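Tertiary structure, described
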Protein chains: 2
Amino acid sequence: MRYHKVPDETIRRLPVYLRGLCSFPNNGSHSISSQQLADILHVKSPQVRKDLSYFGDIGTPGVGYDIQKLTKHIRAILQLNNVHCAALVGYGNLGAALLKYTGFGTFCIEINTVFEKDPRKIGRVVRNIKIEEVSKISSLSKRGISIAILAIPAAESQDVTDKLVNAGVGGILNFTSSYLSVPANVKVINIDIGVSLACLPYYLPVGA
Amino acid sequence: MRYHKVPDETIRRLPVYLRGLCSFPNNGSHSISSQQLADILHVKSPQVRKDLSYFGDIGTPGVGYDIQKLTKHIRAILQLNNVHCAALVGYGNLGAALLKYTGFGTFCIEINTVFEKDPRKIGRVVRNIKIEEVSKISSLSKRGISIAILAIPAAESQDVTDKLVNAGVGGILNFTSSYLSVPANVKVINIDIGVSLACLPYYLPVGA
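Residues numbered from 1 in each chain as written. Chains lettered and ligands numbered in written order. Predicted model: local features only at pLDDT ≥ 70, side-chain atom pairs only at ≥ 80, totals over all residues. Heavy atoms only, no water.

With 106 residues, the main nonpolar core has Ile193(A) and Ile193(B) as its most contacted residues. With sequence-adjacent residues up to four places away left out, Ile193(A) is seen in contact with Leu94(A), Phe175(A), Leu98(B), Tyr101(B), Phe104(B), Leu173(B), Phe175(B) and Ile191(B). (Core = buried A, V, L, I, M, F, W, Y, C linked by side-chain atoms within 4.5 Å. Buried < 20%, exposed > 50% of the residue type's maximum accessible area, 1.4 Å probe, protein only. Contact = heavy atoms within 4.5 Å.)

Here's what the structure looks like:
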């Protein structure tokens, strides 16, 4: 972590800004105002200015942000200026869908390694990736892979997490319903699909 | 919405509490302390007490919460005391994985309807569900389905969302990368897998 006291919510919005910048219609202008950026992202413009101010102010009052410069700036903050390779652990239904997911490309992140414990799947080649057994996780540090995606049953998640951490993984996207215990220097981002869906009925009219 | 000023973060934790209560080892005790509940969920106990206090205090000081009563209470708050049927829109890789996802059962939510625009998939039967064409979304209100899961390309998401809202859907789990514009009485919960993964490199050591 190279910046201090930046809220996770701000970091969370930066990739959204980045995607917004990438899709901003090229109308000949080189700059974008915080209001235009806010409009694309459906947030308020003071929010955009506050988020970006954490990293030094690169906007020009009355003009806005230079699109190319801001894009580069956000990529640098997020360390997305180089391609990151990620390891997928678990080639079940969700894992298979994640491997085919096209939404990572914008962010220069690519799944290039897949681990599975099911012997029937180990050795199979999908998208030019040979599925490896989970014990091979220990080789991740040698391969320079620091990001992992966990799409395995909850019961196995802590054990696999420990293996990933021992192999030098510093960031885990956790699709299991388990809390993962990790050292302070490892970041876990949880996507709990069941919990997200379970919140919706609360917001429905009574008896819906 | 039947309670006022309850933060979304609190609502978001209630299904996690519920899952924790369901998996709490039955050691003969009928009650659970806020500390025990906090421990299971890896939050602080004042957080648990504060979250639950929004809905009237049902704990007993020095004793804790009656497990059965609290489970029933949370189910009632979340409107999860009856089975909810949900419609899945999009039977691509992610949609197919979501249909097989086993994490919804704890919460009494069941996908029983699937819509797709690809004519090659329409009519196919998966898990006893006949895939229907997207134009049939209009019949959702007649079927009493108020929850939908969106797993389609971003470009089509607003159009399908409008159809869902017109059909009386009040809660949408959005897996697309698009912002969905909906009336104030409709709740959207976003799961942006790409953005979640794109945040991780920020937390890695420089140059990792």
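Next comes the rest of the description.
Residue and element names in this part refer to chain A. Inspection of every chain in the model, using the stated rule, returns 14 salt bridges over all chains. Across the pair Glu132 and Arg143 runs a salt bridge, and its minimum N-O distance is 2.7 Å. Here the residue Glu132 occupies a position in strand 7 (residues 132-133), and Arg143 occupies one in helix 6 (residues 140-143), the gap between them amounting to eleven residues. The class of Glu132 is buried, set by a relative accessible area of 19%. Look at Arg143 and you get partly exposed, because its relative accessible area is 35%. A salt bridge links Asp159 to Lys163; the shortest N-O distance between them is 3.1 Å. Within this pair, Asp159 and its partner Lys163 are both found in helix 7 (residues 154-166), separated by four residues, close to a single helical turn. Judged by its relative accessible area of 32%, Lys163 falls in the partly exposed class. (Salt bridge = Lys/Arg side-chain N within 4 Å of Asp/Glu carboxyl O. Helix = DSSP H or I, 4+ residues; strand = E, 2+ residues; numbered from the N terminus.)

In this structure, two copies of a chain are linked by a rotation about an axis accompanied by a shift along it. Screw-axis analysis of chain B against chain A gives a translation of 0.0 Å along the axis, an RMSD of 0.0 Å, and a rotation angle of 180°. Considering both components of the superposition, the chain copies are consistent with a two-fold axis. Comparing interface residues between copies, 100% of those in chain B also lie at the interface in chain A; the contact surface is shared. (Least-squares fit on C-alpha atoms with pLDDT ≥ 70 in both.)

Here we come to the packing of aromatic side chains. Enumeration over the complete set of coordinates arrives at six aromatic pairs over all chains. A centroid spacing of 4.9 Å and a plane angle of 90° characterise the contact between Tyr202(B) and Tyr203(B), whose relative ring orientation is edge-to-face. Overall, the relative accessible area of 1% leaves Tyr202(B) in the buried class. Tyr203(B) sits in the buried class, given a relative accessible area of 6%. Its end group placed over the ring of Tyr203(B), Lys187(A) keeps NZ or CZ at 4.5 Å from the ring centre. (Phe/Tyr/Trp six-rings, centres within 6.5 Å; stacked < 30°, edge-to-face > 60°. Lys NZ or Arg CZ within 6 Å of the ring centre and 35° of its normal.)

What follows covers the sheet that holds strand 10 (residues 187-190) of chain A. All names here are of chain A. Within the open sheet, the six strands sit side by side as 7-4-3-8-9-10. Their pairing is parallel. In this open sheet, the two edge strands, each paired with only one partner strand, are strand 7 and strand 10. Relative to strand 8 (residues 147-150), strand 3 (residues 84-89) runs parallel, the two sharing four bridges. The residue bridging Leu88 from the neighbouring strand is Ile149, located in strand 8. Across the sheet, helix 7 touches strand 3, strand 8 and strand 9 (171-174), and the angle it forms with strand 8 is around 170°. (Pairing = 2+ DSSP bridges. Axes fitted to C-alpha atoms, helices over the stretch in contact; angles between N-to-C directions.)

Turning next to the domain arrangement of chain A. Residue and element names in this part refer to chain A. Assigned domains within chain A: domain 1 (8-77) and domain 2 (84-196). Its C-alpha centre places domain 1 at a distance of 31 Å from the equivalent point of domain 2. Each partner contributes residues to the interface: domain 1 has five residues there, and domain 2 has four residues. Between domain 1 and domain 2, the buried area comes to about 420 Å², and carbon and sulfur atoms account for 57% of it. For the domain 1 face of the interface with domain 2, the top three residues by lost area are Asp8, Arg19 and Arg75, together amounting to 64%. One can count one salt bridge joining domain 1 with domain 2. We note a salt bridge from Lys187 to Asp8, for which the minimum N-O separation is 2.8 Å. Broken down by element, the residue count for the side of domain 1 that touches domain 2 peaks at four residues, all from helix 1 (residues 8-22). Of the residues belonging to the side of domain 1 that touches domain 2, the class tally is two nonpolar, no polar and three charged. (Domains from an automatic or database assignment. Buried area = accessible area lost by both parts, 1.4 Å probe. Nonpolar A, V, L, I, M, F, W, Y, C, P; charged D, E, K, R; others polar.)

Okay, the interface of chain B and chain A next. Listed per partner, the contact involves 57 residues of chain B and 57 residues of chain A. Contact between chain B and chain A buries roughly 5700 Å² in total, counting both sides, with carbon and sulfur atoms accounting for 71%. Of all residues in chain B, Leu197(B), Tyr202(B) and Tyr203(B) give up the largest surface area on contact with chain A, accounting jointly for 16% of the area buried on that side. Linking chain B with chain A are two salt bridges. Residue Arg19(A) is joined to Asp192(B) by a salt bridge in which the shortest nitrogen-to-oxygen separation is 2.5 Å. Taken together, chain B and chain A are joined by 16 residue pairs in polar contact (both at pLDDT 80 or more). Partitioned by chemical class, the residues of the side of chain B that touches chain A number 38 nonpolar, twelve polar and seven charged. (Polar contact = N/O pair within 3.5 Å; in protein donor to acceptor, adjacent residues only side chain to side chain.)

With that out of the way, let us pick up helix 7 of chain A. Counting along an α-helix, one turn takes 3.6 residues, and residues three or four places apart therefore face a common direction. Residues and elements named next belong to chain A. Taking 1.5 Å of rise per residue, the 13 residues of helix 7 would be expected to cover 18 Å, and the 19 Å separating its terminal C-alpha atoms lies within 8% of that figure. Those residues of helix 7 not exposed but buried are Ser157, Val160, Thr161, Leu164 and Val165. Residues of helix 7 that are buried in the fold lie against strand 3, helix 6, strand 8 and strand 9. (Expected span 1.5 Å × (residues − 1).)

Most of helix 5 (residues 93-100) of chain B is tucked away, with six of its eight residues classed as buried. All of the buried residues in helix 5 of chain B are Leu94(B), Gly95(B), Ala96(B), Ala97(B), Leu98(B) and Leu99(B).

This part takes up the pairing of strand 4 (residues 109-116) of chain A. Residues and elements named next belong to chain A. Where burial is concerned, most of strand 4 is hidden: six out of the eight residues are buried. In terms of strand pairing, strand 3 meets strand 4 through six bridges, oriented parallel. Opposite Val89, over in strand 4, you have Phe115 as the bridge partner. After leaving strand 3, the chain enters helix 5 (residues 93-100) and then returns to the sheet as strand 4, a path that is right-handed. Pairing geometry for strand 4 and strand 7, over two bridges, is parallel. Its bridge partner being in strand 7, Phe115 is matched across the sheet by Glu132. (Right-handed = clockwise from strand over helix to strand, strands pointing away.)

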